[in-house]
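Next come the chains, spelled out residue by residue.
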Amino acid sequence: MKRVSAQGWNGLFAGVLAVCVLVVIGAGILSVTTLIVESVPSIRQFGLSFLWTPVWDPVHRQYGALPLLYGSFLTAAIALLLAGVIGVTTAVSLTQIGVPWIRSVISLLLEILAVIPSVVYGVWALLVVAPIFGRWSGYAGGSSGEFAVSGFGVLAAGVVLGVMVMPTVVAVTREAIASAPKDIAEAAMALGATRQETVALAVMPFVRKGILGSLYLGLARAFGEAIAVSLVIGNQPRIGGSLFARADSLASMLAHTLTGSAPPLQTAALYEIGLLLFLMTTVFYGLGRSYIAREAISPRFQPW
Amino acid sequence: MVTRVSYKTVRKLKNALFVSVLSAMTSLAVLPLLSLLWSIGFHGIAALVSLSGAPLSRGVASAVLVNALAQSLVTTASSAVIAVSLGVAAAIYSSQYAGLRVGRVIRFTVDILSGAPSILAGMVLFALLSGVSSLTAGVLALVLCMLPVVVRTADQVLVAVPVAYIEGSLALGASRIQTIFATVLPIAHKSLITALLFVTARMAGEAAPLLIILDGGTASKGGRWFQPLPLRLYSDLTHGGSFPHQIAYVEALILLVTIVTIYGLARWIGRPDRW
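Keep in mind the model is a prediction, meaning the values are calculated, not measured. (Residues numbered from 1 in each chain as written. Chains lettered and ligands numbered in written order. Predicted model: local features only at pLDDT ≥ 70, side-chain atom pairs only at ≥ 80, totals over all residues. Heavy atoms only, no water.)

**Student:** Looking at this model, I keep getting lost on the overall build of chain B. Mind explaining?
**Tutor:** Helix and strand counts for chain B stand at ten helices and zero strands. Of the regular secondary structure in chain B, the N- to C-terminal order runs α-α-α-α-α-α-α-α-α-α. Here chain B holds 275 residues, and the buried ones make up 51% of them. Restricting to contacts in chain B with at least 6 residues of sequence separation, those with at least 24 account for 78%. Carbon and sulfur atoms provide 72% of the accessible area of chain B, an area that totals close to 12,700 Å². (Helix = DSSP H or I, 4+ residues; strand = E, 2+ residues; numbered from the N terminus. Buried < 20%, exposed > 50% of the residue type's maximum accessible area, 1.4 Å probe, protein only. Contact = heavy atoms within 4.5 Å. Areas by Shrake-Rupley, 256 points an atom, 1.4 Å probe, with all protein chains shown as cover.)

Here's what the structure looks like:
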C-alpha cells in the first residue's frame, strides 16, 4: 500500500472542508431557487400588481400582498417604536448608571428574554397579553366590537413583537456604546458635565449608527416572526385602518394557511409571499449589518 | 450669582430626571419577562398539580407529553449533530483556508442566509419533498435553518483565535491539520461549545419550520403523533382540546425549563470571559 504523504492528507482535508462550504452555500441557493420556482404560477397570473392588490380572497382566487404588507409594516412599526425607545434607554442605563450587580442581573434577564422560543411568547401573548388588551378596550368603550372580546389585533401583535425584538436592540446598542471612545466621555466628566450631559454630548453621537443598525436588525426579526404573531394578530388579511382592528402579516399568513392551501394558485401565491418575505428581511438585515462592524459583536450572544 | 446657582440647579434637576427616566425604562424592559415567567411558572405548576389529580387524564396527558418531548429530543439532537458537524467544517475552511476574497464571499452568503426567517426553511423542504412529512423531513428543515447560523458563529469564534499561535505552530513545522487540531480548536473550544449550545437552544424551541413540514403533509392523517414539543404546543393553542390552556401552560413550562437549562449550561461552559 502506498503511503499518503502529509501533503496529500492536507489537501484531502481541505478538499472535504471545501465540500462542506459548497453544501452550505448550495443549500442556500437551492432554497432561494425553490421559493422562486414554486411561486411561478402566481407571478404569471398576477405579475407585479401582486404587490399592490389590496385583496387576499381565496374564495374568488384573488391574491394580493398589500393587506399582508400593511399588517407586517404596522406591527413592525409598533414593535420598533416600543423596542427602540425602551431598548435604547435600557442600553444606556446598563452602561452608564446603576449598581454593577443590578446591571448584570438585568442583562442576564434580557439574554433569557432572547432565548425564549417564539411559541412560548405565543402562549404569553394569547393567554396574558391579548386578554389585557381586550379588557382595556372594553373599559375604553370598545372602539371595535370584535377587539373588545378577544384583544386580538395589530396592537397586541405589535406589542408582543416589541418585547421579542427588544433584546436585539439592547444588545447591539450596548455593544455600540461600549465601543464608543471612552476618553471623550471621561474628558466631559472631568470638565464637570453631569451624566446626562456626558451621554447626550459625548456618548450618543458615536452610537447613532449602532442604534440604526439595531433597529434594522429588529425590523428583519419582526418581519420574520410567524408563530407568536399568528396567535394574536387575528388572522384576517385586510386593511382595517385601526390599531385595534384584526389584520394579518406576511409570516403569520404563511404559518396558518400554507399547510391547508389549495394547490395551484393559492400555494403559489403563498410561496410568492415567502419570496417577498425573504427579499425584505434580507434587505433589512443587510442594512442592519452594514451599520454594525462584524467584529464589534461577541459571537457568544447573538439574538438575531 | 443667583442666576449661576439656579443654572446649576437646573442641570442637577435635568440629570436627576435623566437618571429616573432611564431607571423607569429599564424596569419597563424587564417587566414583560417577569410577567411571562410568572404567568407560565405559576399557571404551569398549578396546571401540573390539577392535572395530576385526575388519573385518567394524567395517563393520556403524560403519554402525549412524553411522546412530544422524546420527539423533540430526537429532532433537536440529530439536527444539531448534522448542522454542527457540517457547519463547523465549513467554518474551519472559511477561517483557516479561504483567502481574503473567498472568505468574504462565504461570510456574506452565510450572513444573508442566517437572517432569513425560519419559516422559509420549512416551506423550502415542504416544496422539495412535495409534502411528504416525517420526522426526518423535520430534522432536515431544522438543519437548513440552523446551518448558516452555525457557520457564522463558528467562523467568528475561530477567526478570533490569535494569529500568532497559528503562525507559531506552522513555524515549528506542524502541518495545517496539526495546527487546526492541536492549536486552533483547543484554544477556541470553550467559546465554540458555548456558541453552538446557544444555537441549539434556539433551535430546540423552533416551531415554524416544523409546523409547515409536519402539520401539512401526510403525517396529519396519522393524527397528532408527529409532534415535537414546540409544534404540539402551537397546535394546542390553535386547535384546543379538553384542557387546552392548562396543557399549553404545562408544555410551555417544560419547554422554557429545557431551553433555559441549555442556555445556563452554555453560559456555565463559557464562564471566563475570554473573548
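**Student:** Please clarify how the interface of chain A and chain B should be interpreted in this entry.
**Tutor:** Frequently, the measure chosen for interface size is the accessible area removed from exposure when the parts meet. Listed by partner, the interface residues are 79 residues for chain A and 81 residues for chain B. Take the side of chain A that touches chain B: its biggest share by element is 18 residues, from helix α1 (residues 6-38) of chain A.

**Student:** Explain unusual backbone geometry here, please?
**Tutor:** Peptide bonds are trans in most cases, and residues, glycine excluded, mostly fall at negative phi. Residue and element names in this part refer to chain A. Positioned with a positive phi, Arg61 is a non-glycine residue whose angle comes to about 55°. Among the secondary structure elements, Arg61 is positioned in the loop between β1 (56-57) and β2 (62-63). Residue Arg61 is classed as exposed on the basis of its relative accessible area of 53%.

**Student:** Could you clarify how one ought to interpret a nonpolar patch on the surface in this entry?
**Tutor:** Residue and element names in this part refer to chain A. A cluster of nonpolar residues, Val99, Trp101, Ile102 and Val105, forms a patch on the protein surface that exposes about 380 Å² of accessible area. Mapped onto the elements of the fold, Val99 is located in the loop between α3 (66-96) and α4 (100-115). With a relative accessible area of 40%, Val99 lands in the partly exposed category. (Patch = residues over 30% accessible without salt bridge, like charges linked within 9 Å, V, L, I, M, F, W, Y side chains within 5 Å. Salt bridge = Lys/Arg side-chain N within 4 Å of Asp/Glu carboxyl O.)

**Student:** Can you help me understand the nonpolar core in this one?
**Tutor:** The nonpolar side chains of a soluble globular protein tend to be buried, and buried together. One finds Trp56, Tyr121 and Leu250 of chain A together with Ile40, Ile119 and Leu233 of chain B to be the most contacted residues of the largest nonpolar core, which totals 184 residues. Per-element accounting of this core gives the leading share, 16 residues, to helix α7 (residues 154-178) of chain A. Beyond its immediate chain neighbours, meaning those up to four positions away, Ile119 of chain B contacts Ala226, Ala251, Leu254, Ala255 and Leu277 of chain A together with Ala208, Pro209 and Ile212 of chain B. (Core = buried A, V, L, I, M, F, W, Y, C linked by side-chain atoms within 4.5 Å.)

**Student:** What should I look at first to understand the environment of Ala46 of chain B in this one?
**Tutor:** Note on placement: Ala46 of chain B falls in helix α1 (residues 2-51). Considering only alpha carbons, one finds Ala46 of chain B and Val250 of chain B, 204 residues apart in sequence, at a separation of 8.7 Å.

**Student:** Which parts of the structure should I look at to understand the packing of helix α13 (residues 263-291) of chain A against helix α3 (residues 100-114) of chain B?
**Tutor:** Axes are the key here: two packed helices are described by the angle between their axes and the distance separating the axes. Contact pair α13 of chain A / α3 of chain B: the axes reach a minimum separation of 9 Å and the direction vectors enclose 120°. As judged from the angle between their axes, α13 of chain A and α3 of chain B are oblique. You can see that α13 of chain A and α3 of chain B cross each other, and the crossing is right-handed. Residues Phe278, Thr282, Tyr285 and Arg289 of chain A of α13 of chain A pack against Asp111, Ile112 and Ser114 of chain B of α3 of chain B. (Axes fitted to C-alpha atoms, helices over the stretch in contact; angles between N-to-C directions. Parallel < 35°, antiparallel > 145°, perpendicular 65-115°, else oblique. Left-handed = near helix turned anticlockwise from the far one by under 90°.)

**Student:** Looking at this structure, I do not really get the pattern of salt bridges. What am I missing?
**Tutor:** Scanning the model with the defined rule gives six salt bridges over all chains in all. Note that Glu197 of chain A is salt-bridged to Arg11 of chain B, the shortest N-O span being 2.7 Å. Here the residue Glu197 of chain A occupies a position in helix α9 (residues 195-203), and Arg11 of chain B occupies one in helix α1, the pair thus bridging two chains. The exposure class of Glu197 of chain A is buried, given its relative accessible area of 15%. Its relative accessible area of 22% is what places Arg11 of chain B among the partly exposed residues. Within this structure, Arg232, Asp236 and Glu251 of chain B form a network of salt bridges that share partners.

**Student:** Would you mind showing me how to read the packing of aromatic side chains here?
**Tutor:** Aromatic rings considered in pairs are described by the distance between their centres and by the relative angle of their planes. All names here are of chain B. Applying the stated rule across the entire model yields eleven aromatic pairs over all chains. Each ring, one from Tyr93 and one from Tyr97, has its centre 6.0 Å from the other, and the planes form 15°; the classification is stacked. With Tyr93 and Tyr97 both in helix α2 (residues 55-97) and four residues apart, this pair spans about one turn of that helix. Between Phe198 and Tyr263, the ring centres sit 5.5 Å apart and the planes meet at 55°, which makes this aromatic pair tilted. With a gap of 65 residues between them, Phe198 in helix α7 (residues 176-204) and Tyr263 in helix α10 (residues 244-269) connect regions that are remote in the sequence. Just as Phe198 is buried, Tyr263 falls in that class too. The ring of Tyr97 carries Arg176 above its face, with NZ or CZ at 5.5 Å from the centroid. (Phe/Tyr/Trp six-rings, centres within 6.5 Å; stacked < 30°, edge-to-face > 60°. Lys NZ or Arg CZ within 6 Å of the ring centre and 35° of its normal.)

**Student:** What is the right way to look at the environment of Leu66 of chain A in this model?
**Tutor:** Residue position: Leu66 of chain A is located in helix α3. Beyond its immediate chain neighbours, meaning those up to four positions away, Leu66 of chain A contacts Phe50, Leu51, Trp52, Thr53, Pro54 and Ile239 of chain A.

**Student:** Where do I start with the side chain of Thr76 of chain B in this structure?
**Tutor:** Residue placement: Thr76 of chain B occurs in helix α2. Setting aside anything within four residues of it in sequence, one finds Thr76 of chain B in contact with Thr200 and Ala204 of chain B.

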